[in-house]
Amino acid sequence: QVQLEESGGGLVQPGGSLRLSCSSSGFILDEYAIGWFRQAPGKEREALACVAGGAARSHYADAVQGRFTFPRNYAQNTVYLRVFHVSSGDTGVYYCGRARGSGCPDPWQSQRSYNDWGQGTQVTVSE
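Residues numbered from 1 in each chain as written. Predicted model: local features only at pLDDT ≥ 70, side-chain atom pairs only at ≥ 80, totals over all residues. Heavy atoms only, no water.

A. Local environment of the packing of aromatic side chains. All told, the structure shown has six aromatic pairs when counted by the stated rule. Where Tyr114 meets Trp117, the ring centres are 6.0 Å apart and the plane angle is 65°; that geometry is what we call edge-to-face. Taking the relative accessible area as the measure of exposure, Tyr114 reaches 3% and is therefore buried. Site record: aromatic cluster; members linked through ring pairs are Phe37, Tyr114 and Trp117. Directly above the ring of Phe27 sits Arg98, whose terminal nitrogen or CZ lies 4.6 Å from the centroid. The ring of Tyr32 carries the charged tip of Arg98 above its face, separated from the ring centre by 4.2 Å. (Phe/Tyr/Trp six-rings, centres within 6.5 Å; stacked < 30°, edge-to-face > 60°. Buried < 20%, exposed > 50% of the residue type's maximum accessible area, 1.4 Å probe, protein only. Lys NZ or Arg CZ within 6 Å of the ring centre and 35° of its normal.)

Structure, rendered in structure tokens:
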């Protein structure tokens, strides 16, 4: 069965960094694009990136440029989200979801373009 699980969330001080993991099973990760989303308290779920499978084109939101990276480890069936210089605006629940193919969907920013979501992991930025 297809499974996705986010982990690595927790409490981090402003200016710090952390790494989140999207661990997958039941499919070949290289054959599917993975979307990263987050939802801040009282806000709509926000698209952060679509990490494409294989050599297909990935997409990144303006809000993540310069502070976020999304490395992939196909051997471990895991897509990572790394955040640097975090601020209070990064607080929220982070989710990953699987697209229907290796290429990023159109629109890649829509939750409806992804299936098989994980349960999310909480990130709290605070002193």
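This is not the end of the story, as more comes after the structure.
B. Molecular detail of the nonpolar core. Residues Trp36, Leu48, Phe68, Phe70, Leu81 and Tyr94 are the most contacted members of the largest nonpolar core, which totals 23 residues. Of all the elements in the fold, those that place two or more residues in this core are strand 3 (18-25), strand 4 (34-39), strand 5 (46-51), strand 9 (78-83), strand 10 (92-98) and strand 11 (121-125). Counting 10 residues, the second-largest nonpolar core is a separate cluster that includes Phe37, Ala61, Ala99 and Cys104. (Core = buried A, V, L, I, M, F, W, Y, C linked by side-chain atoms within 4.5 Å. Helix = DSSP H or I, 4+ residues; strand = E, 2+ residues; numbered from the N terminus.)

C. Main features of the state of the cysteines. On inspection of all chains with the given rule, the structure shows two disulfides. Disulfide pairing is shown between Cys50 and Cys104; the S-S distance is 2.1 Å. For the disulfide bridge between Cys50 and Cys104, the dihedral angle about the S-S bond is near -105°, and by the sign convention the bridge is left-handed. In this pair, Cys50 sits in strand 5 while Cys104 sits in the loop between strand 10 and strand 11, placing the two residues 54 residues apart along the sequence. Taken individually, Cys50 and Cys104 each receive the classification buried, so the pair is uniform in this respect. Taken in sequence order, the bonded cysteines of the protein chain link in the pattern 1-3, 2-4. (Disulfide = S-S within 2.5 Å.)

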